[in-house]
Amino acid sequence: MVVFSDAEREAVYKTIYARRDIRRFRDEPIPDDVLERIIDAAHHAPSVGFSQPWDLVVIENEGTKAEIAAIAERAIAAAREGYEEPRRSEFADLKLEGIRDAPVNICVTCDPTRGAPHVLGRSSMKRTDVYSTCLAVQNLWLAARAEGVGVGWVSVLYPYEVQEVLGVPPHVNPVAYLCVGYPADGFPDEPVLQREGWRDRLEVETLVHEERWEGDDRR
């Protein structure tokens, strides 16, 4: 049985609370051994029925990054039009991706057919393959933070276009497109969107319900 010391336990919580979404990166490569540890951490995430539905496409080619960045630029421009002023201008001021800047991009995908047709635990909750893939993303993110490496999740993309650029099979779904590298400005003390006044962190006490759901819906 593995027993953690007080210092080791504290390090886990420190990593969780210090994790940030990074958009600006230094022009510095990630050592191979560090990248391997981060990827291996992702692969050790829990998964429904031990299905391990993830694959990771590691991208360092500048041409490929440019193609993905072009997709992001169009998706961001379309998303901006969904806001009214002054929110539209605030949105435009946000840096939402660092695809070209990051030395490494990683696309994490989900294969819903892995282990099919009988994946233990998925009979009544079909989306648990995606949930499992998100746990791999979280593992990768926390391992990267412990290594001093920043990660930024680019969520404003068109998945089918990303799929085509990366040659992902039609039945496999891109779940997360991650920019990975050393932060240009270090790790901020608070989430960037909170610092920029976009939204504050909700109080955990308002989100915890005892026995039954109580209270108003919070948006």
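Every value quoted in this text rests on a predicted model; they were computed, and no experiment measured them. (Residues numbered from 1 in each chain as written. Predicted model: local features only at pLDDT ≥ 70, side-chain atom pairs only at ≥ 80, totals over all residues. Heavy atoms only, no water.)

A.B. asks: Even after reading the chapter, I still don't get the overall build of the protein, so can you show me in this structure?
C.D. replies: When helices and strands are tallied, the protein shows 7 helices and 4 strands. A compact globule built from 219 residues should have a C-alpha radius of gyration of about 17 Å, and the protein, at 19 Å, falls within 12% of that. Burial analysis of the protein (219 residues in total) assigns 35% to the buried set. Partitioning the intrachain contacts of the protein with sequence separation of at least 6 by distance along the chain shows that 82% fall at a separation of at least 24. Accessible area of the protein: about 13700 Å², with a carbon and sulfur share of 52%. Of the charged side chains in the protein, 26 are positive and 39 negative, and the gap between their average positions amounts to 3 Å. (Helix = DSSP H or I, 4+ residues; strand = E, 2+ residues; numbered from the N terminus. Rg over C-alpha atoms; globule rule 2.2 N^0.38 Å. Buried < 20%, exposed > 50% of the residue type's maximum accessible area, 1.4 Å probe, protein only. Contact = heavy atoms within 4.5 Å. Areas by Shrake-Rupley, 256 points an atom, 1.4 Å probe, with all protein chains shown as cover. Lys, Arg positive; Asp, Glu negative; His and termini not counted. Charge placed at Lys NZ, Arg CZ, Asp CG, Glu CD.)

A.B. asks: Explain the pattern of salt bridges to me, please; I cannot follow it from the model alone.
C.D. replies: Side-chain pairing between opposite charges can occur once the charged atoms of the two side chains come close. Across all of its chains, the model carries 15 salt bridges by this definition. E161 is paired through a salt bridge with R74; the nearest N and O atoms lie 2.3 Å apart. With E161 in helix 6 (residues 159-166) and R74 in helix 3 (residues 62-80), the pair connects residues that are 87 residues apart, well separated along the chain. Judged by its relative accessible area of 27%, E161 is partly exposed. By relative accessible area, which is 42% here, R74 ends up partly exposed. Residue E196 pairs with R195 through a salt bridge whose shortest N-O separation is 3.7 Å. Linked by salt bridges that have partners in common, D33, R37 and E147 make up one network. (Salt bridge = Lys/Arg side-chain N within 4 Å of Asp/Glu carboxyl O.)

A.B. asks: So what exactly am I meant to see when it comes to unusual backbone geometry here?
C.D. replies: Only a minority of non-glycine residues have a phi that is not negative, and only a minority of peptide bonds are not trans. That bond from E85 to P86 is cis: its omega, 5 degrees, falls within 30 degrees of zero. Here P86 is to be found in the loop between helix 3 and helix 4 (87-93). At Q52, a position not held by glycine, the phi torsion is positive, near 50 degrees. Looking at the secondary structure, you find Q52 in the loop between helix 2 (32-43) and strand 1 (54-59). By relative accessible area, Q52 is classed as partly exposed at 22%. At E211, a position not held by glycine, the phi torsion is positive, near 70 degrees. Judged by relative accessible area, E211 falls into the exposed class, the value being 81%.

A.B. asks: Even after reading the chapter, I still don't get a nonpolar patch on the surface, so can you show me in this structure?
C.D. replies: Taken together, the side chains of V12, Y13, I16 and Y17 make up a nonpolar region of the molecular surface, amounting to roughly 420 Å² of accessible area. Mapping V12 onto the fold places it in helix 1 (residues 6-18). (Patch = residues over 30% accessible without salt bridge, like charges linked within 9 Å, V, L, I, M, F, W, Y side chains within 5 Å.)

A.B. asks: How do you make sense of the packing of helix 1 against helix 5 (residues 128-146) when you look at a structure like this?
C.D. replies: When two helices pack together, their arrangement is given by the angle between the helix axes and by the axis-to-axis distance. Direction vectors running N to C along helix 1 and helix 5 enclose 105 degrees, while the axes themselves pass 9 Å from each other. Between helix 1 and helix 5, the angle falls in the class roughly perpendicular. Here T15, I16 and A18 of helix 1 lie close against helix 5, whose contacting residues are L142, R145 and A146. Residues of the contact of helix 1 with helix 5, tallied by class, amount to 4 nonpolar, 1 polar and 1 charged. (Axes fitted to C-alpha atoms, helices over the stretch in contact; angles between N-to-C directions. Parallel < 35°, antiparallel > 145°, perpendicular 65-115°, else oblique. Nonpolar A, V, L, I, M, F, W, Y, C, P; charged D, E, K, R; others polar.)

A.B. asks: Would you take a moment to explain the packing of aromatic side chains for this structure?
C.D. replies: Aromatic rings in a pair are described by how distant their centres are and how their planes are angled relative to each other. Under the definition given, this model contains 5 aromatic pairs. Ring centres of Y83 and W198 lie 5.7 Å apart, and the angle between their planes is 80 degrees; this geometry places the pair in the edge-to-face category. Placement of Y83 in the loop between helix 3 and helix 4 and of W198 in the segment after helix 7 (192-195) is noted, with a sequence separation of 115 residues between them. When its relative accessible area of 29% is taken as the criterion, Y83 is described as partly exposed. (Phe/Tyr/Trp six-rings, centres within 6.5 Å; stacked < 30°, edge-to-face > 60°.)

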